[in-house]
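Single-letter residue listing:
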Amino acid sequence: MKRVFFAILMSFISFLSIAGAADSKPNLLFIMMDDLGCGQCQFLNQNLTVEDFDPYFLEQVKRREEYDPALALEFSKRAMSTLSKMATEGAYFSRAFAGSSLCAPSRLAIATGMMPPKAGVYTNMDVESSGIKPGQHLAYIFKKAGYGTAHIGKWHIGERDYGVIRSVLDKHGIKENISYEKLRSDYPEIYNEVWEAGYYGSVVKEQNPLNNGFDYYYGYNNWASQFYNSPLVWEGFEHAGRQPGYNTELFTDKAIDFITEQLNAKKPFYIQLHYHAVHDYLEPNAPDRYWNDFRSSYYPLSNFYAHVNAIDQNIRRILDHLEKTGQLENTLIAFTSDNGAMAGGPNTLPGNAPFKGHKGMFYQGGIRVPLLFYWPGKIQARGELPQLASSMDILPTFIEAANLSVPENLDAKSLWGPLTGKEPEVHDHLTWAGIHARAWGFLTSTSPLTKNEERAKAPGGWAITRGDYLLRFTGTIETDIYDDLPGGAQPKLELYDTKNDPSETKDLINDLPEIAEAMKAEYKKQAKTFTPPVVWNKEKYQELVK
């Protein structure tokens, strides 16, 4: 009888444990790389061949004898074993897009669940000049639900804090306000002091993560931060000084420490772990331990995939920690890139293959991204998912998975339905609008201008995708911007079959006028919700909303 009673008691305790686990909030971990292309992502490129590479990018590499394209493809297919295993055991969307082709607008879209043009954001400078508005970050939902929340790594959705410059000027008895660029030319010693004080990675107090839904912040508010010895990193409201160690490992350490703290406090966690890799500054090189399988006579190629591999191995460290603490099966993880690869120079082949173009453009190479979800035992729809998806959807998906209420009137949607096999589609279409420039990748070589000059004169553009088609508008191209269009060009609409022609080689605008007109009408409806740019060219904006 005692044995029977004991067996019943243990069964009851086990039942209560399972019920309690079912009722407990899942931990949430959102990992993002910077400028990783679909062609560089192992779980997306297993069927890729050299023939699928962007022809112009491939020709550049071959002409300069920079490295062997076939070796680049080989490295890309084995640099991310951990993430590839997560993709197989979890789910990834093979038709996923970013909210923008540029990092700051894309990150703002993820944070708010809204299309950037609705906030007057069409370029990085629009974000850097205005930043996220109070109460907009969806992280507040997790904080209010009792989560411990942390942002670690790149922020880049706020204004820099001029107060850092002002404090240095006060120290030197200078009363006038002097811009950062003016300091560089006229006061180099003060400029260096401001740099060391962390100005370029700073964020105004009201847009600091600690005032936008996060309990802990360790990161930088800039487009990039050096891998080693960076002065751009802040911890909370305080400058962190010169960053110790390799930032991929340091950011991972901070995430693991925060996980441990929350588990000790018996709180679920929501962490944004937004790595610097593989944005440029890619030198100095990654630590030797990540080079072991990627050594070659081509330093830039080996270094690039060593940095990619470092991300993958550090994600493995986090998974091991979660498993060791019994939290792996209670943690939903998402992985993406903020936009397409820069694809050129230190950012190597395969780039965004098989898609055309690169970051900063509305070719698919600028807006297609990896998008992976991993939650052992909880995601039923495994492997590749074909639904149209956006990186904007990550936070709504987390919100629904945590059994919280997704705000209404978002452009973003929860993907929890497709992940659990309960909903076939969540998006009918996706839309983009903003600068359409060549300056962020290999096509910059087609302009006689400097990168900053080309960005200032580049046309605007918009795109909409629905079903298997993408309709793209390119605004007026001024004269003498591009070598291939010395006389400029008039505005142009193009239509492509993205399923059968991912490289966008055949314009179908004259073959399928009804599809083009329907997509154009949908874009025009969306454009009525756009607001004028914060700082971007107003004339170029007007072309996008006419």
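None of these values were measured; they are calculated from a predicted model. What you see as residue numbers is a count from 1 along each chain, following the sequence as written. The model is predicted, so local features are restricted to residues of pLDDT at least 70 and side-chain atom pairs to those at 80 or more, both for listing and for counting; the totals for chains, interfaces and linings are taken over all residues. The side-chain values count all of the structure's non-hydrogen atoms but skip hydrogen atoms and water molecules.

Engineer: Any chance you could explain the overall build of the protein here in plain terms?
Structural biologist: Secondary structure summary: the protein contains 18 helices and 14 strands in total. Expressed as lengths along the three principal axes of its C-alpha atoms, the size of the protein is roughly 95 × 70 × 50 Å. Only protein chains enter the area calculation, which uses a 1.4 Å probe; residues under 20% of their type maximum are buried, those over 50% are exposed, and those in between are partly exposed. Within the span of the protein, comprising 546 residues, buried residues form 59% of the whole. We call two residues in contact whenever any of their non-hydrogen atoms come within 4.5 Å of each other. Here the analysis covers contacts within the protein between residues at least 6 apart in sequence; of these, 73% occur between residues at least 24 apart. Using the Shrake-Rupley algorithm and a 1.4 Å probe, accessible areas are obtained, with residue cover drawn only from the displayed protein chains. Of the roughly 22,200 Å² that the protein leaves accessible, carbon and sulfur atoms contribute 52%. When charges are counted, Lys and Arg contribute as positive and Asp and Glu as negative, whereas His and the chain ends are disregarded. Charge positions come from single atoms, namely NZ of Lys, CZ of Arg, CG of Asp or CD of Glu. Computed over 55 positive and 66 negative side-chain charges, the separation of the two mean positions in the protein equals 5 Å. The secondary structure listing takes helices from DSSP runs of H or I that are at least 4 residues long and strands from runs of E that are at least 2 residues long, numbered from the N terminus.

Engineer: For this particular structure, what's the right way to read the sheet that holds strand β11 (residues 430-435)?
Structural biologist: In any sheet, the strands associate via hydrogen bonds between backbone groups, in a parallel or an antiparallel arrangement. Here we have four strands laid out as an open sheet, ordered β11-β12-β13-β14, and antiparallel in their pairing. Each edge of the sheet is formed by a strand with only one pairing partner; in this case those strands are β11 and β14 (492-497). Adjacent strand axes in the sheet meet at a mean angle of 15°, parallel and antiparallel pairs treated alike. Orientation is described by lines fitted to C-alpha atoms, with helices fitted over the stretch in contact, and by angles between N-to-C directions that extend from 0 to 180 degrees. Against the sheet, helix α17 (residues 513-527) touches β11, β12 (460-466), β13 (469-474) and β14, its axis set at about 115° to β12. Here helix α18 (residues 538-545) sits on the sheet in contact with β11, β12 and β13, set at roughly 30° to β12. A pair of strands counts as paired when DSSP detects no fewer than two bridges linking them.

Engineer: Explanation requested: the packing of helix α4 (residues 81-89) against helix α12 (residues 299-324) in the structure shown.
Structural biologist: The packing of two helices is summarised by the inter-axis angle and the distance between the axes. At a minimum axis separation of 7 Å, α4 and α12 run at an interaxial angle of 60°. By the angle between their axes, α4 is oblique relative to α12. Contacts between α4 and α12 involve Ser-81, Thr-82, Leu-83 and Met-86 on the former and, on the latter, Asp-312, Ile-315, Arg-316 and Leu-319. Of the residues belonging to the contact of α4 with α12, the class tally is four nonpolar, two polar and two charged. Each angle gets one of four labels, with under 35 degrees taken as roughly parallel, over 145 as roughly antiparallel, 65 to 115 as roughly perpendicular, and the rest as oblique. Here the nonpolar group is Ala, Val, Leu, Ile, Met, Phe, Trp, Tyr, Cys and Pro; Asp, Glu, Lys and Arg are the charged ones; every other residue, Gly included, is treated as polar.

Engineer: Please clarify how the layout of surface pockets should be interpreted in this entry.
Structural biologist: In this approach, a probe sized like a water molecule rolls over the atoms, and the result shows the empty space that is left. The computed volume of the largest pocket comes to approximately 840 Å³. Contributing to the lining of the largest pocket are 25 residues, with Met-125, Trp-223, Trp-440, Asn-452 and Arg-455 lying nearest its centre. For the lining of the largest pocket, the secondary structure elements donating two or more residues are α6 (124-128), α9 (180-186) and α16 (451-457). Per-element tally for the lining of the largest pocket: the top contributor is α16, with four residues. Partitioning the lining of the largest pocket into residue classes produces 13 nonpolar, five polar and seven charged. With a 1 Å grid laid over protein atoms only, a set of points is called a cavity when a 1.4 Å probe fits there but cannot get out and a pocket when it is open yet has protein on both sides within 12 Å along at least five of seven lines; lining residues have an atom within 4 Å of a point. Grid points are joined across faces, edges and corners, and a volume is the space filled by probe spheres set on the points.

Engineer: Help me understand the nonpolar core, please; the structure alone is not making it clear to me.
Structural biologist: The nonpolar side chains of soluble globular proteins are, as a tendency, buried together. If you look at the biggest cluster of nonpolar residues, it comprises 132 residues, and the most contacted ones within it are Tyr-270, Leu-273, Phe-335, Phe-373 and Phe-398. Only buried Ala, Val, Leu, Ile, Met, Phe, Trp, Tyr and Cys residues count toward a nonpolar core, and they belong to the same one when joined by side-chain atoms within 4.5 Å. Counting 28 residues, the second largest nonpolar core, distinct from the first, contains Leu-102, Leu-449, Leu-495 and Leu-544.

Engineer: Looking at this model, I keep getting lost on unusual backbone geometry. Mind explaining?
Structural biologist: Where the residue is not glycine, phi is negative for most of them; where a peptide bond is considered, it is trans in most cases. Put simply, Ala-277 and Val-278 share a cis peptide bond, and its omega is 5°. As for its position among the elements, Val-278 is in the loop between β7 (269-274) and α12. Look at Glu-65: it is not a glycine, yet its phi comes out positive at around 50°. One can find Glu-65 in the loop between α2 (55-64) and α3 (69-76).

Engineer: Got a minute to help me understand the pairing of strand β4 (residues 216-220) in this structure?
Structural biologist: As a general feature of sheets, a regular strand has side chains that alternate between the two faces. For β4, the tally of buried residues reaches five of five residues, placing the bulk of the element in the interior. Along β4, one buried face is formed by Tyr-216, Tyr-218 and Tyr-220 and the opposite face, lined by Tyr-217 and Gly-219, is buried too. Pairing of strand β3 (residues 148-154) with β4, which is carried by five bridges, proceeds in the parallel orientation. For Gly-153, the partnering residue across the bridge sits in β4 and is Gly-219. Pairing between β4 and strand β5 (residues 234-235): two bridges, direction antiparallel.

Engineer: Before we go on, may I ask you to explain the environment of Phe-93 in this structure?
Structural biologist: Tracing the backbone shows Phe-93 in strand β2 (residues 91-97). Judged by relative accessible area, which is 0%, Phe-93 ranks as buried. Residues Phe-93 and Leu-372, spaced 279 residues apart in sequence, show a C-alpha to C-alpha distance of 6.6 Å. Not counting residues up to four positions away in its chain, the partners in contact with Phe-93 are Leu-371, Phe-373, Leu-385, Gln-387, Ala-389, Leu-415, Pro-418 and Leu-419.

Engineer: So what exactly am I meant to see when it comes to the sheet that holds β3 here?
Structural biologist: Strand order in this open sheet of ten strands is β6-β5-β4-β3-β7-β1-β8-β9-β2-β10, and the pairing throughout is mixed. The two strands at the open ends of the sheet, each matched to only one other strand, are β6 (238-239) and β10 (383-390). Docked against the sheet, helix α5 (residues 103-112) engages β1 (27-33), β3 and β7, running at close to 165° with respect to β1.

Engineer: Where do I start with helix α11 (residues 247-264) in this structure?
Structural biologist: Each turn of an α-helix holds 3.6 residues, which means side chains three or four residues apart point in the same direction. For a helix, the expected span equals 1.5 Å multiplied by the residue count minus one. Its 18 residues give α11 an end-to-end C-alpha distance of 25 Å, which sits within 8% of 26 Å, the value for a rise of 1.5 Å per residue. For α11, the full list of buried residues reads Asn-247, Thr-248, Glu-249, Leu-250, Phe-251, Thr-252, Ala-255, Ile-256, Phe-258, Ile-259 and Gln-262. Buried residues along α11 sit in contact with β3, β4, β7 and α12. Where α11 terminates, the next one or two residues include Lys-266, which has phi positive at roughly 60°.

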